[in-house]
Amino acid sequence: NMFVQCSEHGDCFELSCPAGEGAALVWNSANQTCDFPPGGQESQTSSCFGCGDSGNNPCNPLNTDNKFYYSHCDSSMYVQCSAHGDCWDRTCSNETQWDDALLACIP
């Protein structure tokens, strides 16, 4: 469950996959992401996300290359990532919910 992430500046960091709910996440080389082991819970790519300790942080490393917005576990929120692995839980404006297909908050 360890992997190496390198920046565009040539700096490399040895990182470990975060703990998942009910199962430890492991590095999936084919998908280039931390994922549940075979036979474990469903893939992180179909889960909701969050930046805190209890959520699946999709930002470090990016769960999907060049994707910077993800569904939050609270439908009135979304997760925003930076290219450098920063993660922010964002709240949609009043009475709107995140739509992952449109990458926008909608009524």
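Before reading further, recall that the structure is shown in the block above.
What you see is a predicted model; the values in this text were computed from it and never measured.

Strand direction decides the pairing type here: strand S1 (residues 2–6) and strand S2 (residues 12–16), joined by five bridges, are antiparallel. Following the sheet pairing, Cys6 is matched in S2 by Cys12. Between the end of S1 and the start of S2, which pair antiparallel, lie five residues, with Gly10 showing a positive phi angle near 90°.

A separate point is the pattern of salt bridges. It is possible for side chains bearing opposite charge to pair when their charged atoms get close. Within the structure shown, the criterion is met by one salt bridge. Between Lys67 and Asp100 there is a salt bridge, and its shortest N-O distance comes to 3.4 Å. Of this pair, Lys67 sits in the loop between strand S4 (33–35) and strand S5 (69–71) while Asp100 sits in the loop between strand S8 (97–99) and strand S9 (104–106), and the two are 33 residues apart along the sequence.

For the coordinates displayed, the defined rule picks out four aromatic pairs. Considering the side-chain rings of Phe49 and Tyr70, the 5.2 Å spacing of their centres and the 65° angle between planes classify their relative orientation as edge-to-face. Note that Phe49 is positioned in the loop between S4 and S5 and Tyr70 in strand S5, a separation of 21 residues in sequence. Here the two residues Phe49 and Tyr70 agree in accessibility, since each one is buried. Judged by centre distance (6.2 Å) and plane angle (50°), the ring pair of Tyr69 and Tyr78 falls under tilted.

The three strands are arranged S5-S6-S7 in an open sheet whose pairing can be described as antiparallel. The sheet terminates laterally at S5 and strand S7 (87–91), the two strands that pair on one side only. The sheet shows a mean angle of 30° between the axes of neighbouring strands, direction not considered.

Moving on to the state of the cysteines. Inspection of every chain in the model, using the stated rule, returns four disulfides. Each disulfide pairs two cysteine sulfurs, and for Cys51 the partner residue is Cys87, the sulfurs being separated by 1.9 Å. On the sign convention where negative is left-handed, the bridge of Cys51 and Cys87, at about -80° about the S-S bond, is left-handed. With Cys51 in the loop between S4 and S5 and Cys87 in strand S7, this residue pair connects regions lying 36 residues apart in the sequence.

Looking now at the environment of Ser82. Inspection of the secondary structure puts Ser82 in the loop between strand S6 (77–81) and S7. For Ser82, a relative accessible area of 12% translates into the label buried. Each C-alpha atom of the pair Ser82 and Asn66 lies 9.7 Å from the other, and the pair is 16 residues apart in sequence. For Ser82, the residues in contact, after removing those within four places along its chain, are Leu62, Phe68 and Trp88. Engagement of the side chain of Ser82 in a polar contact is seen with the backbone nitrogen of Asp86, the distance being 3.0 Å.

Conventions and cut-offs
- Residues numbered from 1 in each chain as written.
- Predicted model: local features only at pLDDT ≥ 70, side-chain atom pairs only at ≥ 80, totals over all residues.
- Heavy atoms only, no water.
- Pairing = 2+ DSSP bridges.
- Helix = DSSP H or I, 4+ residues; strand = E, 2+ residues; numbered from the N terminus.
- Salt bridge = Lys/Arg side-chain N within 4 Å of Asp/Glu carboxyl O.
- Phe/Tyr/Trp six-rings, centres within 6.5 Å; stacked < 30°, edge-to-face > 60°.
- Buried < 20%, exposed > 50% of the residue type's maximum accessible area, 1.4 Å probe, protein only.
- Axes fitted to C-alpha atoms, helices over the stretch in contact; angles between N-to-C directions.
- Disulfide = S-S within 2.5 Å.
- Contact = heavy atoms within 4.5 Å.
- Polar contact = N/O pair within 3.5 Å; in protein donor to acceptor, adjacent residues only side chain to side chain.

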